[in-house]
Structures are given as C-alpha cells and as structure tokens.
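Examination of the molecular architecture
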Amino acid sequence: MLSDQSPSARAQWQACRAKTRCARGARYVTGADIVRISRTLALEPWHFTQTAPAVAGDPTGIVLDKGRRRVFLKLANATNGCVFAIRTPSGATCCGLGDVAPISCRIFPADTENGAPAIRPEPGCDCREWTLEDLDRGALIRATRAWSADRDHWLEVVARWNKLAAESDEELDIKDFQRYLLEAQSARETGAGWPEEVTA
C-alpha cells in the first residue's frame, strides 16, 4: 500500500515488517482471507492455520467440543513468525503470499480496526515515523472497505457456526468449522443461502 512516490520508504517499510509484523504473525485475519489462501495454494485451511484461546466476549471466538472450548483462528506461526514469511539471503523477511496475503497484512502499517485510514503504532518499530502520506490513499481506502465487508461476513459466519455448534449433539472440531467456512464463503460469492439453510 505504500505510495510509488516513496521508494526509500518502501525499502524501510519492508525492513520494518520483517522486524515486527511478520515476526509476530498476522492478526485480524478474516474467513475470506483464509479461503483465498486455501484456494490459491490448493491446501485445506487446517494445513496453514492454528487456534489460540479466545478471550471472553471475542466475537471471533469459535465454539468447539460442545461448548467446552472457544478459540480464534489465525495463520500458523513457525519458528521465526508467520509460516508464510520468507527469509532472504540478506536476512530481510518478505511475505511469500504476495497479493494473496490477508488484507490486514497488505495494508500495514495502516489500521484496519475502525475503518478510517490511520497509521497504527507498531511496537519495536524505530526505523521511521510512518504517515498517511507514505501510503497510496486510493488503494488503502479500497482495501479497507473490502476488509470491513469481509470482517462483517466473518463475524456472521462465526455467530452462525456457534449457534449450530451449541445445538449439535456431535463433538465438532476446528476442521468442521473450516469446512463450514469454505461452504459459507462459496455461498457468499454465488449469492446462495447459508449452508445450514440450503441443507435444512
């Protein structure tokens, strides 16, 4: 999302990502991000995601095992951070996903939380004071709108799954949720109903 007018800023930004974002792993990943990566790499989502305990009240908390566990889903981390981070011979890190990366990663260092373009302070970043002028505003606005729509759909997917999981007699696990996610995303794209409405 960096403006092409700032090549030196682009180089600094890549280095900054290596030290902070990629080393910690992607956050704010939506179901649309996961499905896009899955389709592009021809991999089931459980091959590149992992779970972590969800805090109370987290709307992305996924109910599993008859309500005994509540987790959130994220891209898997390897020893040096995100599993898709590639370490170059120079020691720099870049994203191996390119344009398939989660929107929240692609718009970094902008913020995805409130929908308005803003620079998010990054812990550990001491290479540059980032400003909105460093970014391509048009691309950022388009990406932020797409992220907001994806986020709304993601929250609806999780809420619907949690209702189904609460009513189910089966021990549903994260793979079951991810299968539901794949169906729900396909339904979204084709204008079909939610999976449980179609199969009911």
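First things first, this report covers the structure right here in the doc. Everything numeric here is computed off the predicted structure, so don't read it as measured data.

1. Some thoughts on the pattern of salt bridges
Oppositely charged side chains can form a pair if their charged atoms are brought close together. The final tally for this structure, using the stated rule, is ten salt bridges. Note that Arg-39 is salt-bridged to Glu-189, the shortest N-O span being 2.8 Å. Taken as a pair, Arg-39 in helix α3 (residues 31–41) and Glu-189 in helix α6 (residues 174–190) lie far apart in primary sequence, 150 residues in all. Residue Arg-39 is classed as partly exposed on the basis of its relative accessible area, which comes to 43%. Residue Glu-189 is classed as partly exposed on the basis of its relative accessible area of 47%. Of the charged contacts in the structure, one is a salt bridge between Arg-160 and Glu-197, with a shortest N-O distance of 3.5 Å.

2. Some remarks on α3
Along an α-helix, a turn takes 3.6 residues, which lines up residues three or four apart on a common side. Gly-31, Ala-32, Asp-33, Ile-34, Val-35, Ile-37 and Ser-38 are the residues of α3 that are buried. Buried residues in α3 make contact with β1 (49–53), β3 (69–75), α4 (103–106), α5 (137–167) and α6.

3. What to know about the sheet that holds strand β2 (residues 62–64)
Strand order in the open sheet made by the three strands is β1-β3-β2, with antiparallel pairing throughout. What marks the edges here is a single partner per strand, and that holds for β1 and β2. Adjacent strand axes in the sheet meet at a mean angle of 50° when their direction is disregarded. Strand direction decides the pairing type here: β1 and β3, joined by five bridges, are antiparallel. What sits directly across from Gln-50, in β3, is Lys-74. On the sheet, α5 packs against β2 and β3 and is oriented at approximately 25° with respect to β2.

Rules behind the numbers
- Residues numbered from 1 in each chain as written.
- Predicted model: local features only at pLDDT ≥ 70, side-chain atom pairs only at ≥ 80, totals over all residues.
- Heavy atoms only, no water.
- Salt bridge = Lys/Arg side-chain N within 4 Å of Asp/Glu carboxyl O.
- Helix = DSSP H or I, 4+ residues; strand = E, 2+ residues; numbered from the N terminus.
- Buried < 20%, exposed > 50% of the residue type's maximum accessible area, 1.4 Å probe, protein only.
- Contact = heavy atoms within 4.5 Å.
- Pairing = 2+ DSSP bridges.
- Axes fitted to C-alpha atoms, helices over the stretch in contact; angles between N-to-C directions.

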